[in-house]
Amino acid sequence: MDNSTIYVRERGSLRRVSDIVLAQPKPVSSCRRTNPFVLRKEHFIFTYNAEGSLRYTTKSLFDITLSFVADNIHHVDSLVGFPEQIGDRLFAAVEENRIFLNADISAKALQLFSDAYGGMVLGSLCLRNRFPLLHERMDEIKTFHSLKSLDLFGCRLGDDHEIFLHLTSSSLASLIQLFIGGNSLSDVGLQRLTAPIRMMKKGLDCLQFLDVSYNPVSERALRYLTCLPKLEKLDASGTSFRLGTGLKTTIWNLLGLIYSEEPLDTFDHLTCKTEGWAEQVIHQWETNSSQMPKQKKIDESRTSALRFFGRQKFVREALNAAPVVCESQEEAKRERLHFYRPAAANHAPERQTPSTRNHQEKPSRHNIKKRQRQAERCDSSHQDPPTKRLSSPTLTAEDLDLLNSY
């Protein structure tokens, strides 16, 4: 086999491949697969008959071939066009061989399955308060480009994280739910996150539910969210927002959302979970990381700290800090700020709510007219085509600097 020539039929044409190196044989003492063309016990199924005698039957050619392809998954060019049943069984075989734990192969293998089967590989990913897993498997996580729900609550992203570019790229166009609460995200962070969308009108086109809770963001950052065309629900609990008539009016004028008296089930963590073929792969990553020898983890942490930060004490304190969560359920309930887009039937009445409350507070006639004019201006801006929303006042000097950096 080592001196033979390998031919591959691809798209109706036969070509010779000279740079393929098959998977290395495993030790004989191991129960793992060895030379794929040598008779092995794994090619047989051992059972016992009614008399208690041992008998064996050969595995099907399909199962043997499936095992061979799984061992050499990094040589496969594409799985596009293969039936979903074949892809599911092949993914299970690769997972069983723990190939996704190999950092040199896992990203390419996951990309191979994601390109062919999309959301079936992983449709929802929950990394809530699991920031080590996010940072260790960033390359692999970027291959899940058909996610509909992504929970990054408490992952310590800060204002300038590399995943921001991935969130606003065309590879995550199907994302509907995004949870980025508890990440020390400020107004600058939201500006960086939405800069590609506001400037190039690309990314997060289908985003409907956004969680920015427990971040030090102010009402000034709301204008950065106007670029999300399908935003329906917003969680701003634990932020610098102060519930009142002014906040309700601002959010309605900018985003078309109204305050919800009752908590929205969308932002309940119980509804967020990891779903797809790669669910057990995520579990393998986390389990493998927790079982890593303690000294090795300490050495790698020390090396990373010295390389990136130069301050080991600062990094150690950051890693040992507790995840960002609300102190108590009562506090969470009291500070809960959920906003949603009303139904079309109730659209017009809801728009009159701020003016009605202003009338009850008996303000001056001059203030009423002034607020009405502001509302009319904002309404007209919402009715303008998207191109007019990107006028020169929207692109500040900071935005232009961000665009140049991308």
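Above: the structure in question.
Residues numbered from 1 in each chain as written. Predicted model: local features only at pLDDT ≥ 70, side-chain atom pairs only at ≥ 80, totals over all residues. Heavy atoms only, no water.

(A) Region of the structure containing the overall build of the protein chain. Broken down by element type, the protein chain carries 17 helices and 11 strands. Residue burial in the protein chain is summarised as follows: out of 406 residues, 36% are buried. Pairs at least 24 apart in sequence give 73% of the contacts found in the protein chain among residues at least 6 apart. Just so you have it, the protein chain exposes about 24,200 Å², and 52% of that area is on carbon and sulfur atoms. (Helix = DSSP H or I, 4+ residues; strand = E, 2+ residues; numbered from the N terminus. Buried < 20%, exposed > 50% of the residue type's maximum accessible area, 1.4 Å probe, protein only. Contact = heavy atoms within 4.5 Å. Areas by Shrake-Rupley, 256 points an atom, 1.4 Å probe, with all protein chains shown as cover.)

(B) The nonpolar core, seen in detail. One finds I73, F113 and L210 to be the most contacted residues of the largest nonpolar core, which totals 71 residues. It is helix α3 (residues 106–117) that contributes the most residues to this core, five residues altogether. Non-local contacts of L210, meaning those with residues more than four positions away in its chain, are made with L178, I180, L225, L228, L231, K233, L234, D235 and F267. (Core = buried A, V, L, I, M, F, W, Y, C linked by side-chain atoms within 4.5 Å.)

(C) The packing of helix α1 (residues 61–71) against helix α2 (residues 84–96), seen in detail. The N-to-C vectors of α1 and α2 enclose an angle of 60 degrees; their axes lie 9 Å apart at closest approach. The orientation of α1 with respect to α2, classified from their angle, is oblique. In this structure, α1 meets α2 at a crossing whose hand is right-handed. Touching F62, D63, L66, V69 and A70 of α1 are I86, R89, L90, A93 and V94, all from α2. For the contact of α1 with α2, the class distribution of residues is eight nonpolar, no polar and two charged. (Axes fitted to C-alpha atoms, helices over the stretch in contact; angles between N-to-C directions. Parallel < 35°, antiparallel > 145°, perpendicular 65-115°, else oblique. Left-handed = near helix turned anticlockwise from the far one by under 90°. Nonpolar A, V, L, I, M, F, W, Y, C, P; charged D, E, K, R; others polar.)

(D) Region of interest: the environment of L222. Here L222 shows up in the loop between β8 (209–211) and β9 (233–235). Overall, the relative accessible area of 1% leaves L222 in the buried class. Here the alpha-carbon distance between L222 and L255, two residues 33 residues apart in the chain, equals 8.1 Å. Residues within four places of L222 in sequence aside, it is in contact with L234, F241, L247, T250, I251, L254 and L255.

(E) Spotlight on α3. The end-to-end C-alpha separation of α3 is 16 Å, in line with the 16 Å expected for 12 residues at 1.5 Å each. Listed as buried for α3 are S106, A109, L110, L112, F113, S114 and Y117. Directly after α3, the chain includes G118, whose backbone phi takes a positive value near 55 degrees. (Expected span 1.5 Å × (residues − 1).)

(F) Quick peek at the side chain of Q284. Following the sequence through the fold, Q284 ends up in helix α9 (residues 279–290). Looking at Q284, its side chain comes within polar contact range of the main-chain oxygen of E95, at 3.4 Å. Once residues lying within four places of it in the same chain are set aside, the contact partners of Q284 are E95, R98 and L101. (Polar contact = N/O pair within 3.5 Å; in protein donor to acceptor, adjacent residues only side chain to side chain.)

(G) Spatial organisation of the packing of aromatic side chains. For the coordinates displayed, the defined rule picks out seven aromatic pairs. For the pair F91 and F100, a centre-to-centre distance of 4.9 Å together with 35 degrees between the ring planes defines the contact as tilted. Note on F91 and F113: the rings are 5.0 Å apart at their centroids and 85 degrees apart in plane angle, and the pair reads as edge-to-face. Remark: F113 occurs in helix α3 and F91 occurs in helix α2; sequence separation between them is 22 residues. Geometry around F153 places R128 over its ring, the cationic atom sitting 4.0 Å from the centre. (Phe/Tyr/Trp six-rings, centres within 6.5 Å; stacked < 30°, edge-to-face > 60°. Lys NZ or Arg CZ within 6 Å of the ring centre and 35° of its normal.)

(H) Layout of the pattern of salt bridges. As enumerated under the stated definition, the model contains six salt bridges in all. One salt bridge in this structure joins R128 and D151, with 3.3 Å as the shortest N-O distance. In this pair, R128 is assigned in the loop between β5 (124–126) and α4 (131–136) and D151 in strand β6 (residues 149–151), connecting sequence segments 23 residues apart. When the shortest N-O distance is used, the salt bridge between E162 and K142 registers 3.3 Å. Of this pair, E162 sits in the loop between β6 and α6 (163–167) while K142 sits in the loop between α5 (138–141) and β6, and the two are 20 residues apart along the sequence. Judged by its relative accessible area of 45%, E162 falls in the partly exposed class. (Salt bridge = Lys/Arg side-chain N within 4 Å of Asp/Glu carboxyl O.)

(I) Region of the structure containing the sheet that holds β6. Judged by pairing direction, the sheet is mixed, and its seven strands sit side by side in the order β5-β6-β7-β8-β9-β11-β10 without closing on themselves. Two strands bound the open sheet, and with one partner strand each, they are β5 and β10 (258–259). Judged from the three bridges that link them, strand β7 (residues 177–179) and β8 form a sheet pairing that is parallel. Bridge assignment links Q177 to a residue of β8, and that residue is F209. (Pairing = 2+ DSSP bridges.)

(J) Examining the side chain of D187 more closely. In this fold, D187 is placed in helix α7 (residues 187–200). The contacts of D187, once residues within four sequence positions are left out, are P216, V217, S218, R220, A221 and Y224.

(K) Region of interest: α2. With 13 residues, α2 should cover 18 Å at 1.5 Å per step; its first-to-last C-alpha distance of 18 Å lies within 8% of that length. Of the positions making up α2, those classed as buried are G87, L90, F91, A93, V94 and E95. Just past α2, the residue R98 takes up positive phi, approximately 60 degrees.

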